[in-house]
Amino acid sequence: MTRIFSGVKPTGHLTLGNYLGAVHRWVQVDQHRADALFCVVDLHALTVEHDPGRVRRLSRQAATLLLAAGLDPAVCTVFVQSHVDEHARLSYLMECTATDGEMRRMIQYKEKAAREQQRGGSVRLSLLTYPALMAADILAYQADEVPVGDDQTQHVELTRDLAVRFNQRYGHTFTVPKAVNPSVAARVMDLQDPTCKMGKSHAATAGIVYLLDEPDVVRRKVMRAVTDSGIEMAYEPGTRPGVANLLDILAACTGTSPRDLAEGYDSYGALKKDTAEAVVELLRPLRERHAQLCADPGEVDRVLREGAERARALARPTVDAAYAAVGLLPAL
Ligand code: TRP
């Protein structure tokens, strides 16, 4: 059976972009078609300046939201990265497999490090070695597929290179995984800046719909979305990204095509109104289930404990084999 691994980094509240771009597919398709692991990758949240209390809250919230969205612990494994030591153990071996140049070539590292330096801050070493930990996340589970947004493709490519290199040097140890990108239609853009992805770590929040936003907040953000000055309704992502984004969101919520939807509207106002209502309805059951889970914290604890146990049992033999393969004396 195909094994899938993916991760959510608890650096911000989960957004409609995370949901429509990734989580929705994990729930509807991936957890049923494969042996799937979904991980709150909390160690990755420590690669930039962080507030301990916030990381703790966001990790718990992300796990709760994944369950509220419909990940079913009876068919998939939901767990927190730091609960399974194998990630950090294998990350070190990945650092011994990768090169300094390889790490420095990562686009995300270059961008984030430059931003950090501009602000006069310092760059944590773990920001550079981040892809080693990400490779460990994936390889420890012998994952075949890694569903990620296209901003993570380069990291998965590096993971493949490291798996191949490790196998060549030390004997076959790891499955060589591949990235699978979700369909383009589910790519949700910022409502205020539709050329830029709706990301959870952005500072400006007016263009971001969070999964736990109150319905009125959702309506306000959608109604204030930036549109373009075209007169006729048309689906043209390249030239009219604002309207295309609304059409994409409405299409994703209603399971239709954005092009067909465009024909049914003659004003932006009507499109915004319907999109706002569709998003509110999409999020309603999720918010309700989230509230139920928050009222029963023991249930989330139990799911995460069992998820970590399952994950540990899967990862342990692979990481032990990797330790032995590189020449480390087995602990008896
Ligand atoms: N780097 C990913 C992101 O920023 C999160 C992540 C960490 C991840 N480890 C992973 C995703 C392993 C997929 C598989 O979104």
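The residue numbers shown here count from 1 along each chain, following its written sequence. At least 70 in pLDDT is required for a residue's local features to be given in this predicted model, at least 80 for side-chain atom pairs to be given and counted, and no such filter applies to totals for whole chains, interfaces and linings, which use all residues. Values reported for side chains reflect all heavy atoms of the structure, with hydrogen atoms and water molecules removed beforehand.

Undergrad: Can you help me understand the pairing of strand S2 (residues 35-40) in this one?
TA: For a regular strand, side-chain orientation follows a simple rule: the groups alternate between the two sheet faces. Here the term buried applies to any residue with accessible area under 20% of the maximum for its type, exposed to any over 50%, and partly exposed to those in between, with areas from a 1.4 Å probe on protein chains only. Counting from the N terminus, the helices are the DSSP runs of H or I reaching at least four residues and the strands are the DSSP runs of E reaching at least two. Counting buried positions along S2 yields five of six residues, so the element is predominantly enclosed. Following DSSP output, two strands are said to pair if at least two bridges run between them. In this structure, strand S1 (residues 3-8) lies alongside S2, joined through six bridges in parallel fashion. The residue bridging Ile4 from the neighbouring strand is Ala36, located in S2. For the segment spanning S1, helix H1 (residues 16-33) and S2, crossover handedness is right-handed. Here S2 runs beside strand S3 (residues 77-80); their pairing, made up of four bridges, is parallel. Counterpart to Val40 in the pairing with S3 is Val80. Orient the strands so they point away from the viewer, and a crossover whose first-strand-to-second-strand path over the helix runs clockwise is right-handed.

Undergrad: Honestly, the state of the cysteines in this entry has me stumped. Any pointers?
TA: The bond known as a disulfide is covalent and runs between the sulfur atoms of two cysteines. The disulfide definition used here is simple: a pair of cysteine sulfur atoms within 2.5 Å. Tallied over the full model, the rule gives zero disulfides. For the unlinked cysteine Cys76, the closest cysteine sulfur is that of Cys39, found at 12 Å. Here Cys294 is not cross-linked by a disulfide; its sulfur's nearest cysteine counterpart is in Cys76, at 19 Å. The class of Cys294 is partly exposed, set by a relative accessible area of 46%.

Undergrad: Just checking my understanding: could you explain unusual backbone geometry for this structure?
TA: Excluding glycine, a negative phi dihedral is what most residues carry, and trans is how most peptide bonds are arranged. Non-glycine residue Gln142 carries a positive phi angle of around 55°. Following the sequence through the fold, Gln142 ends up in the loop between helix H6 (125-139) and strand S4 (145-147). Overall, the relative accessible area of 22% leaves Gln142 in the partly exposed class.

Undergrad: Sorry, what's going on with the site of the ligand here?
TA: Residues are classed as near a molecule or strand on a simple rule: at least one heavy atom within 4 Å of it. The environment of the ligand is formed by 13 residues, the closest being Lys9, Tyr130, Met134, Asp137 and Gln152. Asp137 is positioned with one of its side-chain polar atoms (N or O) 2.7 Å from a nitrogen atom of the ligand. Whenever two N or O atoms come within 3.5 Å, that pair is a polar contact, provided that in protein one can donate a hydrogen and the other can accept it, and provided that, for residues adjacent in sequence, both atoms are side-chain atoms. The contact in question runs from a nitrogen atom of the ligand to an N or O atom on the side chain of Gln152, over 2.9 Å. Each accessible area is a Shrake-Rupley estimate made with a 1.4 Å probe; only the visible protein chains count as cover when residues are assessed. Within the complex, the protein chains bury 91% of what would otherwise be the 360 Å² of accessible surface of the ligand. The residue inventory of the shell around the ligand, partitioned by class, reads seven nonpolar, four polar and two charged. Three categories are distinguished: nonpolar for Ala, Val, Leu, Ile, Met, Phe, Trp, Tyr, Cys and Pro, charged for Asp, Glu, Lys and Arg, and polar for the others, with Gly belonging to the last.

Undergrad: I tried to follow the UniProt feature "short sequence motif: 'HIGH' region" (unreviewed entry) in the chain on my own but got confused; where do I start?
TA: UniProt positions are given in the numbering used here, feature names are shortened, and annotations may be inferred rather than shown by experiment. The UniProt record marks residues 10-18 with the feature "short sequence motif: 'HIGH' region" (unreviewed entry), using the residue numbering of this structure. Taken as a whole, residues 10-18 contains 33% helix and 0% strand, while its terminal C-alpha atoms sit 12 Å from one another.

Undergrad: Sorry, what's going on with the side chain of Lys221 here?
TA: Mapped onto the elements, Lys221 comes out in helix H8 (residues 215-223). At a separation of 2.7 Å, a polar atom in the side chain of Lys221 contacts the main-chain carbonyl oxygen of Ile208. We call two residues in contact whenever any of their non-hydrogen atoms come within 4.5 Å of each other. Setting aside chain neighbours within four positions, we find Lys221 in contact with Leu191, Thr205, Ala206, Ile208, Val209, Tyr210 and Asp213.

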